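Okay, here's what each chain looks like letter by letter:
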Amino acid sequence: MGSGQFSCFPLTGFLKSIELSEIDSTSVRDASTIATPKTAKVELPTIDLTGRCVLLTGGASGLGRAIVDRFVAGGAHLAVLDRSAAGLTELKTRYGRKVLTFHGNVACFDDNVKAVSTCVESFGRLDVFIGNAGIYDQKASLDSLPGESISDAFDELFAIDVKGYLLGAKAALPELRRTHGAIVFTASVASVAPGFGGILYTTAKHAIVGLTKQLALELAPEIRVNAVAPGFIPTQLGGIRCLEQASMSAQAPDPSRFLLKRVPLTEDYVELYAFFASESSVTLTGSILLADGGSSIRH
Ligand SMILES: NC(=O)c1ccc[n+]([C@@H]2O[C@H](COP(=O)([O-])OP(=O)(O)OC[C@H]3O[C@@H](n4cnc5c(N)ncnc54)[C@H](O)[C@@H]3O)[C@@H](O)[C@H]2O)c1
């Protein structure tokens, strides 16, 4: 493979462009050549989503909103199910008829079914379901939770963060089977390590690992099921309402707190969703792609 050329390995699609250090192979032993490499900008293909019909939950803000922007730019037909009327209105203002919006609750099976039917009526098919809507527990420990509130708090968080994914997948199943489609879930670093959420969030996000793997087994070979597990992202991820918890702050913390010394942004993750939503990931199912910038290895 010559300088500047790439194989068809799909992961190359993650990058729009990279700086390549070109070193003349005839003079690799020449220290002066190695010390002063020439730099060439090489354009790599982005993942093409043209014509992909996608239903995304929680697309009205934060990470989901960045996924909307990436998927629309990539040529996908997109529908968003979210409970935020204001966020959906903003999406409509920005994209008009390019994005279908559906106001509803992911914890309600009927709302998921209606969202899938709307997709199929409008697009003629469904290729991808992305379960992403979620809430957080503000790192509340078991000790700190009032005993009489635990049952309601558990039900509220698990209804959205776990049941919502399960119901969305169930509603999308018949169509995804027909199209040999894909399911992508938003997991979290809290899916694989303690300390990034409280007792309820960590337990719920760990459940997404089981959900992803079990569904991948049950739905093969027609449907692939994978998850992206981001680390911290500055968004206004909502708290548990019955505990009157505030949302997370969207204020970016000091980059020095991160192993990679940069604050990860919502748009940093979108290519991973494009990858799992596309044919580039045909060999992957049951995978949890940990995208936490190394935070769990330092923890
Ligand atoms: N922000 C982080 O640090 C972080 C890290 C790892 C994983 N995540 C996960 O990313 C996903 C997106 O979160 P975000 O950070 O973008 O927060 P966000 O609050 O900006 O986005 C969540 C979206 O889900 C919607 N939603 C919540 N409950 C709903 C319901 N019952 N029905 C329909 N829609 C509902 C909200 O209205 C919102 O638009 C969540 O699953 C979250 O757990 C977030």
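Small disclaimer: the values here were computed from a predicted structure and weren't measured. (Residues numbered from 1 in each chain as written. Predicted model: local features only at pLDDT ≥ 70, side-chain atom pairs only at ≥ 80, totals over all residues.)

A. Spotlight on the overall build of the protein. When helices and strands are tallied, the protein shows 8 helices and 9 strands. Across the 299 residues of the protein, 44% fall into the buried class. Of the contacts made within the protein by residues no fewer than 6 positions apart, 71% connect residues no fewer than 24 positions apart. (Helix = DSSP H or I, 4+ residues; strand = E, 2+ residues; numbered from the N terminus. Buried ≥ 20, exposed ≤ 12 C-beta atoms within 10 Å, placed from the backbone. Contact = placed C-beta atoms within 7 Å.)

B. Broad picture of the site of the ligand. The local shell around the ligand holds 28 residues, among which Gly 58, Gly 62, Leu 63, Gly 134 and Thr 235 are the closest. Sort the elements by how many residues they give to the shell around the ligand and helix H2 (residues 62-73) lands first, with 3 residues. Considering only residue class, the shell around the ligand consists of 11 nonpolar, 15 polar and 2 charged. (Near = placed C-beta within 6 Å. Nonpolar A, V, L, I, M, F, W, Y, C, P; charged D, E, K, R; others polar.)

C. Structural view of helix H3 (residues 85-95). Of the residues making up H3, those classed as buried are Gly 87, Leu 88 and Leu 91. Buried residues of H3, seen end-on, are gathered within an arc of 100 degrees and therefore sit on one face of the element. The outward face of H3, more than 90 degrees from its buried face, is lined by the exposed residues Ala 85, Ala 86 and Thr 93. Each element contacted by the buried residues of H3 is listed here: H2, strand S4 (77-82) and strand S5 (99-103). In the segment just after H3, Gly 96 is the residue with positive phi, at about 55 degrees. (Arc of directions from axis to C-beta.)

D. Highlighting the sheet that holds strand S9 (residues 288-291). The strand order S5-S4-S3-S6-S7-S8-S9 describes an open sheet built from 7 strands, whose pairing is parallel. Each having just a single partner strand, S5 and S9 make up the two edges of the open sheet. Averaged over all pairs of adjacent strands, the angle between strand axes in this sheet comes to 15 degrees, irrespective of strand direction. Of the strands in this sheet, strand S7 (182-186), strand S8 (224-230) and S9 touch helix H6 (residues 199-219), which is tilted by about 160 degrees from S8. (Pairing = 2+ DSSP bridges. Axes fitted to C-alpha atoms, helices over the stretch in contact; angles between N-to-C directions.)

E. Region of the structure containing the environment of Glu 222. Tracing the sequence through the fold places Glu 222 in the loop between H6 and S8. The exposed category is assigned to Glu 222, around which 12 C-beta atoms lie within 10 Å. Along the primary structure Glu 222 and Thr 179 are separated by 43 residues, whereas in three dimensions their C-alpha atoms are 8.1 Å apart. Dropping the residues within four chain positions of it, Glu 222 is found in contact with Arg 177 and His 180.

F. The arrangement of the nonpolar core in detail. Formed by 80 residues in total, the largest nonpolar core has its most connected members in Val 54, Leu 55, Leu 78, Val 80, Ile 183, Val 184 and Tyr 273. Not counting residues within four places of it along the chain, the set of residues in contact with Leu 78 comprises Val 54, Leu 56, Val 68, Phe 71, Val 72, Val 99 and Leu 100. (Core = buried A, V, L, I, M, F, W, Y, C linked by C-beta atoms within 7 Å.)

G. Region of interest: the pairing of S7. Across the 5 residues that make up S7, a large majority, 5, are buried. The pairing of strand S6 (residues 128-131) with S7 spans 4 bridges and is parallel. Bridge pairing in S7 links Ile 130 to Val 184. Considered for its hand, the β-α-β crossover made up of S6, helix H5 (residues 147-179) and S7 is right-handed. (Right-handed = clockwise from strand over helix to strand, strands pointing away.)

H. Layout of the confidence of the model for the protein. With 85% of its residues at a pLDDT of at least 70, the protein reaches an overall mean of 89. The secondary structure element of the protein with the lowest average pLDDT is strand S1 (residues 17-22), at 39, and the one with the highest is S7, at 99. Contacts for the low-pLDDT stretch residues 1-37, under 50 throughout, to residues beyond four places or in other chains number 42 contacts. (pLDDT = per-residue confidence, 0-100.)

I. Spotlight on H2. With 12 residues, H2 extends 17 Å between its outermost C-alpha atoms, agreeing within 8% with the 16 Å of an ideal straight helix rising 1.5 Å per residue. Burial within H2 is extensive, with 9 of its 12 residues counted as buried. Considered for burial, the residues of H2 that qualify are Gly 62, Leu 63, Gly 64, Arg 65, Ala 66, Ile 67, Val 68, Arg 70 and Phe 71. Where H2 ends, the next residue or the one after it, Gly 75, has phi of about 95 degrees, a positive value. (Expected span 1.5 Å × (residues − 1).)

J. Region of the structure containing the packing of helix H4 (residues 109-123) against H5. Closest axis-to-axis distance for the H4/H5 pair is 8 Å, and the angle between their directions is 35 degrees. Every pair of crossing elements has a handedness; the one defined by H4 and H5 is right-handed. Of the residues in H5, those in contact with Phe 109, Asn 112, Val 113, Val 116 and Val 120 of H4 are Leu 167, Gly 168, Ala 171, Ala 172 and Glu 175. In terms of residue class, the contact of H4 with H5 is made up of 7 nonpolar, 2 polar and 1 charged. (Left-handed = near helix turned anticlockwise from the far one by under 90°.)

K. Layout of the environment of Thr 283. Note on placement: Thr 283 falls in the loop between helix H7 (270-277) and S9. Look at Thr 283 and you get exposed, because 8 C-beta atoms sit within 10 Å. For the pair Thr 283 and Arg 224, spaced 59 residues apart in the sequence, the C-alpha separation amounts to 8.9 Å.

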